[in-house]
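So the chains spell out like this:
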Amino acid sequence: MAYRNGSMKAAAAAGGGGGGGVRPPGSNIKSSSFKSRLHPPHSSGSALRRSSTGNFAAAADGVPGRVRVAVRLRPRNEEELHADADFADCVELQAELKRLKLRKNNWEADTYEFDEVFTEFASQKRVYEVVAKPVVESVLDGYNGTVMAYGQTGTGKTFTLGKLGDDDTSARGIMVRAMEDILVDISPETDSVSVSYLQLYMEAIQDLLDPANDNISIVEDPKTGDVSLPGATLVEIRDQQSFVELLRIGEAHRIAANTKLNTESSRSHALLMVHIKRSVGRDDAVSSEVDDSSHLVKPSKPIVRRSKLVLVDLAGSERVHKSGSEGHMLEEAKYINLSLSALGKCINALAENSSHVPVRDSKLTRLLKDSFGGSARTSLIVTIGPSPRHRGETTSTILFGQRAMKVENMLKIKEEFDYKSLSRKLEMQVDKLIAENERQQKEFDDEVEKINLEAQDRIAEMEKNFAEALEKETLKYQMEYMESVKQLEEKMVANQRKQGRDSLCNGEGIAEDVHDVKRLLENEIQLRKAAEEEVNKLKSQLEQFMKPEVGGDAEILKLHKLLEEEASKKNELEEQIKSLQSQLLQMTFEADQTRRCLERSGSGNAFGGLDSLMSQVRHSQYKDSGYGQIAPINTLCEQVGLQKILSLLESEDPSVRIHAVKVVANLAAEEANQQRIVESGGLTSLLMLLRSFEDETVRRVAAGAIANLAMNEANQELIMAQRGISLLSMTAADAEDPQTLRMVAGAIANLCGNDKLQMRLRSEGGIKALLGMVRCGHADVLSQVARGIANFAKCESRAATQGTRTGRSLLVEDGALPWIVQNANNEAAPIRRHIELALCHLAQHEANAKDMIGGGALWELVRISRDCSREDIRSLARRTLNSSPTFRAEMRRLRIEC
Ligand SMILES: Nc1ncnc2c1ncn2[C@@H]1O[C@H](COP(=O)(O)OP(=O)(O)OP(=O)(O)O)[C@@H](O)[C@H]1O
């Protein structure tokens, strides 16, 4: 067994990468491998990538990568089986040792070591996986790659690279299998694959996908040295089927010829260029412009890797005398050989690290500039035939492969920013930001609206509270004022009573009373001051409220109005105080007058001398007792005579007077007797009895009799004419017994129902007498008082309707309203009923409306209109409220519906 010479050994040793070159037997020959021991950066981790053991670290600076070379032996063809039947193959393969022995003769052989040695039995699959797959993987990782077949014509270059395997998929060549792996690995959403298919024929580059395009220029990037063919058709590949179709089209356009050595001899170099563009996002490479937007997802900076896989099916080198090429085919052969020879020279130069590599000698070397000594990962498969007849060509091929193994490439990854993709991503980001901004703006607007509404609600509530507080205060001061007036009036009545009772009234008592009244006035002045202070307080609250942020102009105007009303009420109070002061002066004057008058007249006994009648009365009583039954009063009257009975009313004997008054009262209860009693002077006598302070019974019975007489309209006028109202008022002020008061109140109540007596009754203190009696608190008394007020109000209302009366009610003027309002909801039904009617009558007169509103009567009227158990009163109240403009306006203001 022969070995190659020493110079080859040295060259092989210098080849690096742990492989290649001829090694002497027993020397430390390392088995080379197509599989690199380096791993590429940014591996996508696909199944395809996992099969790779390539290592391409430090891609930016490039990693060294020797050209890998495999040799493939074609099986003997038909012709060789016959022609060389008696001869052994010119090569002997030791595949497991990756060695090839080239026989020089029967006893001598040269041994060559390759990165891989494929016997004639090697499958297409294995050839692909060993030779091409590592390159394909590198390309998918972003490196350029070249797989090239070189060999004598007819040795299986096209078979190895371009076989489509239509009928037998196991026969598929490297081109088909490479694309299958590429399509499996890439992501259709972010990556793209496109191909161009060209042939270099007689130094012209023709587009196999568009044969008319037959003079494509080679463009070299002066900076990077990258080679490109911008004029070539570039077809994007989406599926395997369309790719195979493309190959079929290209194959159909490839120039081939029938030579002696190959019936389908390719007459051109074919180059399939597969361009891969892959997007690789990098989270660590975020642009500073978006760093501030921490709430946003940072867009990764889009990186694109562009790589290129070049699959080269070289035309076969041929000895023209063997191939039988002549004429045009000879020309073709010359071009083929010329370009292959140029390729060989370049590889020699590169293998020997020559400073000059004659790349420009042919288009083939220009096209493959990157594949040998460039930045691509390159695999070369050299195909050989077994025939000893072609030993020379086989040797030449093997030596070409050996030299190629010494060529060192510097693998570089090509990455660039994908500005288009970045722009798209940023646009999406901007859209998101705009949408987010709009959402936040809407949220903000909604929030502002909500706050506005809440503020309005709060202002409305404050307004309401303020109005309520104001109203409450007003009411409070009015009540206090009324209370003061009442006290004054009580005092006045007490004075009257004292004047009437004490014949010798001395100046000291009056002075005391005057002093008391003055004290009350001082209290009143204090109250007025308190009211003024309250008004000032309200004013300051108003000023506070007038601040722009609290209330608007309308609110301020409203408050002004309320203040004005408050001030006018205060003025009214002052007026009333003045009036009370003048009344006090009048009272003092009258008291003096009365005292003087009494001093002048002295006291006397107007009654007497009726003993006989008395005995009859006593007898009558006795008879009643003795017979067990009461004799009818009328019978007594007939027997004794009315005149006689009436005269007994003035008897000096108190017991006689009592019996006599009882008799008269019983008679007065009969309507038929009333006129006779009055005509006979009974009314006068009865009125006089009211003065008999010493006996409550006499006064009570007399008052009852007067009350009965007062039921008759004619008698009412007589009672009034005889100053009966003054006497009744006096009794009302003085009496303590509820029954006496009930009788007096009943009598006055009857008088109140007379239209003609209204003014006089009032001027003689009838209303005040009525009101004075409420101090008693007895329901019977209160009921009579309420009845009197209702009667009076009814007459007033009638007079107002008839136009005979104007101005506000005398009841109101005499201060009846607070008591009326206070008792409008009295639990005793008779009292309540009379007062409800009184309120309705008062309300019918528009002049009373303002006082009634001020006094709180409106609320009672509204309640009556809603709750009164009697339908007629309910509807009367409703009608009354609705017919009064003042009430209507107030109800609108208070948002009350009736
Ligand atoms: N490994 C192989 N196994 C079986 N048949 C093969 C093998 N290699 C080549 N052949 C056959 O040999 C013949 C020639 O092969 P092919 O056309 O691929 O050679 P070539 O090197 O491309 O020739 P040329 O350079 O003239 O184009 C074909 O019929 C092919 O089928």
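Owing to the predicted nature of the structure, the values given are computational and were not obtained by experimental measurement.

### With respect to the overall build of the chain
Across its full length, the chain holds 34 helices and 19 strands. Within the span of the chain, comprising 898 residues, buried residues form 41% of the whole. For the chain, the share of sequence-separated contacts (at least 6 apart) that also reach a separation of at least 24 residues comes to 70%.

### Here we look at the UniProt feature "binding site: ATP" (unreviewed entry) in the chain
In the numbering adopted here, UniProt assigns the feature "binding site: ATP" (unreviewed entry) to Gly151, Gln152, Thr153, Gly154, Thr155, Gly156, Lys157 and Thr158. Position of glycine 154 among the secondary structure elements: in the loop between strand 7 (145-151) and helix 5 (157-162). A tally of 27 C-beta atoms within 10 Å means that glycine 154 is categorised as buried.

### Some thoughts on the confidence of the model for the chain
In the predicted model, the chain carries a mean pLDDT of 79, and 77% of its residues have values of at least 70. For residues 1-32, every residue scores under 50 in pLDDT, and the model assigns this stretch 60 contacts once sequence neighbours within four places are set aside. Contacts for the low-pLDDT stretch residues 593-631, under 50 throughout, to residues beyond four places or in other chains number 34 contacts.

### Here's the deal with helix 21 (residues 696-709)
For helix 21, which comprises 14 residues, the first-to-last C-alpha distance of 20 Å matches the rise-based estimate of 20 Å (1.5 Å per residue) to within 8%. Of all the 14 residues making up helix 21, twelve are buried; the element is thus mostly covered by neighbouring parts of the structure. If you check which residues of helix 21 are buried, you get Val698, Arg699, Arg700, Val701, Ala702, Ala703, Gly704, Ala705, Ile706, Ala707, Asn708 and Leu709. For helix 21, the elements touching its buried residues are helix 18 (654-669), helix 19 (671-679), helix 20 (682-689), helix 22 (713-721), helix 23 (724-734) and helix 24 (738-752).

### Section: unusual backbone geometry
Positive phi values are uncommon outside glycine, yet asparagine 353 reaches one of about 55°. Along the chain, asparagine 353 falls in the loop between helix 9 (328-351) and helix 10 (363-367). Classification of asparagine 353 by C-beta neighbours within 10 Å gives exposed; the count is 12. Notably, arginine 895 is not glycine yet its phi reads approximately 55°, a positive angle. With 7 C-beta atoms packed within 10 Å, arginine 895 lands in the exposed category.

### Remarks on the site of the ligand
Taken together, 18 residues lie near the ligand, and Thr153, Gly156, Ser265, Ser266 and Gly316 sit nearest. Listing elements by their share of the shell around the ligand, those giving two or more residues are helix 5 and strand 14 (265-266). Ranked by residues supplied to the shell around the ligand, first place goes to helix 5 with three residues.

### Quick look at the nonpolar core
Residues Val664, Ile706, Val744, Ile789 and Leu839 are the most contacted members of the largest nonpolar core, which totals 101 residues. Both domains that meet at this core, namely domain 2 (430-599) and domain 3 (738-749 + 767-898), each give it at least three residues. Ranked by size, the runner-up nonpolar core spans 91 residues in total, among them Leu161, Leu311, Val312 and Met405.

### Let's talk about the sheet that holds strand 5 (residues 109-113)
Strand-to-strand pairing in sheets goes through backbone hydrogen bonds, with the strands running parallel or antiparallel. Pairing is antiparallel in the open sheet, where three strands are placed in the order 3-4-5. Each end of this open sheet is capped by a strand with a single partner; those strands are strand 3 (91-94) and strand 5. The sheet shows a mean angle of 20° between the axes of neighbouring strands, direction not considered. Across four bridges, strand 3 lies against strand 4 (residues 99-103) in antiparallel orientation. Note on strand 4: the bridge partner recorded for leucine 93 is leucine 100.

### A few points about the packing of helix 20 against helix 21
When two helices pack together, their arrangement is given by the angle between the helix axes and by the axis-to-axis distance. Following both chains from N to C, one finds helix 20 and helix 21 inclined at 140°, their axes separated by 8 Å at the closest point. Crossing handedness for the pair helix 20 and helix 21: left-handed. Contacts between helix 20 and helix 21 involve Leu683, Leu686, Leu687 and Leu689 on the former and, on the latter, Val698, Arg699, Ala702, Ala705, Ile706 and Leu709. Of the residues contributing to the contact of helix 20 with helix 21, the split by class is nine nonpolar, no polar and one charged.

### Here's the deal with helix 19
Within the sequence span of helix 19, burial applies to Asn673, Gln674, Ile677 and Val678. An end-on view of helix 19 places all buried positions within 130° of arc, on one side of the element. Facing away from the buried side of helix 19 by over 90 degrees, the exposed positions are Ala672 and Glu679. In this structure, the buried residues of helix 19 make contact with helix 17 (642-648), helix 18, helix 20, helix 21 and helix 22. Two residues or fewer after helix 19 comes glycine 681, characterised by a positive phi angle close to 85°.

### Looking at the pairing of strand 3
On any regular strand, side chains alternate: one points to one face of the sheet, the next to the other face. Of the two faces of strand 3, only the one carrying Val91 and Leu93 is buried; Glu92 and Gln94 on the other face are not. Here strand 3 folds back onto strand 4, and the loop between the two strands holds four residues, one of which, lysine 98, carries a positive phi near 55°.

Quick notes on the rules
- Residues numbered from 1 in each chain as written.
- Predicted model: local features only at pLDDT ≥ 70, side-chain atom pairs only at ≥ 80, totals over all residues.
- Helix = DSSP H or I, 4+ residues; strand = E, 2+ residues; numbered from the N terminus.
- Buried ≥ 20, exposed ≤ 12 C-beta atoms within 10 Å, placed from the backbone.
- Contact = placed C-beta atoms within 7 Å.
- UniProt positions renumbered as here; feature names shortened; annotations may be inferred.
- pLDDT = per-residue confidence, 0-100.
- Expected span 1.5 Å × (residues − 1).
- Near = placed C-beta within 6 Å.
- Core = buried A, V, L, I, M, F, W, Y, C linked by C-beta atoms within 7 Å.
- Domains from an automatic or database assignment.
- Pairing = 2+ DSSP bridges.
- Axes fitted to C-alpha atoms, helices over the stretch in contact; angles between N-to-C directions.
- Left-handed = near helix turned anticlockwise from the far one by under 90°.
- Nonpolar A, V, L, I, M, F, W, Y, C, P; charged D, E, K, R; others polar.
- Arc of directions from axis to C-beta.

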